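Breakdown of the fold
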Amino acid sequence: MSQSPVVLEKRLYTAVATATAGRDGRAKSDDGLLDVALAPPRALGGNGAGTNPEQLFAAGYAACFGSALGHVARAKKITTGPVSITAHVTIGPVGQGFGLAVELVASIPELPREQAESLLRAAHEVCPYSNATRGNIAVDVRLA
């Protein structure tokens, strides 16, 4: 069963970035705030002298998921205290190509475990990254 692509009801913001020379180049945003050297990690035979697409995806997903969790908490009138999300993004072979797997680990030390896990489940339903990856890659969400 295939799902139809999501159609946005309203466009709130569009990020624009350009990468040159693939994994051995640079990635820059149109506003100049992001400008990073790219290099394959040592684990993939590179020199590790720059960031890589998996690190960028991990940083984006962790930040987005943390914001989604904050959004859900505010809607439920829950004060979370400090929250951190660590994203582990793994690349590996899938058939003739490559795929990703993600593990999101949340630290919400000031909330009872059951309440924190409930917020994680709700955040996973509203996070744009979670919605974009659902059904395409394995995403494991857990409390530290």
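**Considerations on the side chain of Thr51**
Assignment of secondary structure puts Thr51 in the loop between strand S3 (35-37) and helix H1 (53-75). Side-chain polar atoms of Thr51 contact the side chain of Gln55, separated by 2.7 Å.

**Digging into the sheet that holds S3**
Hydrogen bonds between backbone atoms are what pair the strands of a sheet, whose relative direction is either parallel or antiparallel. Pairing is antiparallel across the open sheet formed by three strands, whose spatial order is S1-S2-S3. Each edge of the open sheet carries a strand with a single partner, namely strand S1 (17-20) and S3. Strand-to-strand twist in this sheet, taken as the mean axis angle between neighbours without regard to direction, amounts to 10°. Sheet topology places strand S2 (residues 26-29) next to S3; three bridges connect them, and they run antiparallel. Counterpart to Lys28 in the pairing with S3 is Asp35.

**Observations concerning unusual backbone geometry**
Phi angles above zero are rare outside glycine, and Ala21 is one such case at about 65°. Summarising the element assignment, Ala21 is placed in the loop between S1 and S2. In the Ramachandran plot, Lys77 falls in the positive-phi region, its phi being about 55° despite a non-glycine side chain. Within the secondary structure, Lys77 sits in the loop between H1 and strand S4 (84-94). Judged by its relative accessible area of 75%, Lys77 is exposed.

Conventions adopted
Residues numbered from 1 in each chain as written. Predicted model: local features only at pLDDT ≥ 70, side-chain atom pairs only at ≥ 80, totals over all residues. Heavy atoms only, no water. Helix = DSSP H or I, 4+ residues; strand = E, 2+ residues; numbered from the N terminus. Polar contact = N/O pair within 3.5 Å; in protein donor to acceptor, adjacent residues only side chain to side chain. Pairing = 2+ DSSP bridges. Axes fitted to C-alpha atoms, helices over the stretch in contact; angles between N-to-C directions. Buried < 20%, exposed > 50% of the residue type's maximum accessible area, 1.4 Å probe, protein only.

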